[in-house]
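Here are the chains, one letter per residue:
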Amino acid sequence: MPATLHVAPFADLDARTLHDLIRLRVDVFVVEQKCPYPELDGRDVEPGTRHLWLEQDGAPVAYLRILADPDGVERIGRVVVAASARGDGHAGRLMTEALAVIGERTSVLEAQAHLAGFYARYGYSPTGPEYLEDGIPHLPMRRTPA
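Residues numbered from 1 in each chain as written. Predicted model: local features only at pLDDT ≥ 70, side-chain atom pairs only at ≥ 80, totals over all residues. Heavy atoms only, no water.

Draft legend 1. Focus on the environment of L52. Here L52 is to be found in strand 2 (residues 50-56). Residue classification places L52 among the buried residues on the basis of a relative accessible area of 0%. Separated by ten residues in the primary sequence, L52 and A62 have C-alpha atoms spaced 8.4 Å apart. L52 has contacts with H6, V7, A62, Y63, L64, I66, L94, E97 and A98, leaving out every residue within four places of it along the chain. (Helix = DSSP H or I, 4+ residues; strand = E, 2+ residues; numbered from the N terminus. Buried < 20%, exposed > 50% of the residue type's maximum accessible area, 1.4 Å probe, protein only. Contact = heavy atoms within 4.5 Å.)

Take a look at the structure:
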């Protein structure tokens, strides 16, 4: 059965869904990648934030959020796929949907450096040098529609 796509602002997330989305993010970023960081950064609840996720068998298997930065740029972040669901195209499906939501607005993201090629397929280009965040090399990237 294919994964079901969901797009919602924070106000439309029920408690169970919010719990499951945060658990997926913590399972991958904090536990698997061993990056203790402030997962609850306050940006999930901002009115302009959109949460996108794929659900399969009642549980989220992939997620990302789109933030509305104060400068009018859209910021994609927290792109994550459950270890058990990798290789099934979920990240690509979410990125395609994220770009449909963003439309013709400029967007940015902070890519883990080994994934820069993946994001380049969606029109993102590096905008600065590689840097370390939580011990993982990252690269700032930007997409400006024509």
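Draft legend 2. How the structure looks around the pattern of salt bridges. Per the stated rule, a full pass over the model turns up 13 salt bridges. Its salt-bridge partner being R23, residue D27 comes within 3.7 Å of it at the nearest N-O pair. Of this pair, D27 and R23 both sit in helix 1 (residues 15-32), four residues apart, which is roughly one turn of that helix. For D27, a relative accessible area of 36% corresponds to the partly exposed category. D69 is the salt-bridge partner of R43, the closest N and O atoms lying 3.0 Å from each other. Residue R43 is located in the loop between helix 1 and strand 2, and its partner D69 is located in the loop between strand 3 (59-68) and strand 4 (74-81); the two are separated by 26 residues in the primary sequence. Like D69, R43 is buried. Several salt bridges converge on common partners, so that one network encompasses R25, D41, D44, R65 and R78. (Salt bridge = Lys/Arg side-chain N within 4 Å of Asp/Glu carboxyl O.)

Draft legend 3. Expanded view of the nonpolar core. In this structure, L64, I76, M95, L109, Y119, Y124 and M141 are the most contacted members of the largest nonpolar core, which totals 38 residues. Of all the elements, helix 2 (residues 90-102) adds the most residues to this core, at six residues. Once you skip the residues sitting within four places of it in the chain, M141 turns out to touch S107, V108, L109, A111, A116, Y119, A120, Y124, S125, P126 and T127. (Core = buried A, V, L, I, M, F, W, Y, C linked by side-chain atoms within 4.5 Å.)

Draft legend 4. Examining helix 1 more closely. The end-to-end C-alpha distance of helix 1, which contains 18 residues, comes to 24 Å, matching closely the 26 Å that a straight helix rising 1.5 Å per residue would cover. Along helix 1, the sharpest kink reaches roughly 30°, centred on V26. Taken as a whole, helix 1 has its buried residues at T17, D20, L21, I22, L24, R25, V28 and F29. Looking at the buried positions of helix 1, the neighbouring elements they touch are strand 2, strand 3 and strand 4. Measuring from the backbone nitrogen of R16 back to the side-chain oxygen at the start of helix 1 gives 3.1 Å, which picks out D14 as the cap. (Expected span 1.5 Å × (residues − 1). Bend = angle between axes of the 7 residues up to and from the residue. Polar contact = N/O pair within 3.5 Å; in protein donor to acceptor, adjacent residues only side chain to side chain.)

By themselves these figures say nothing about function.
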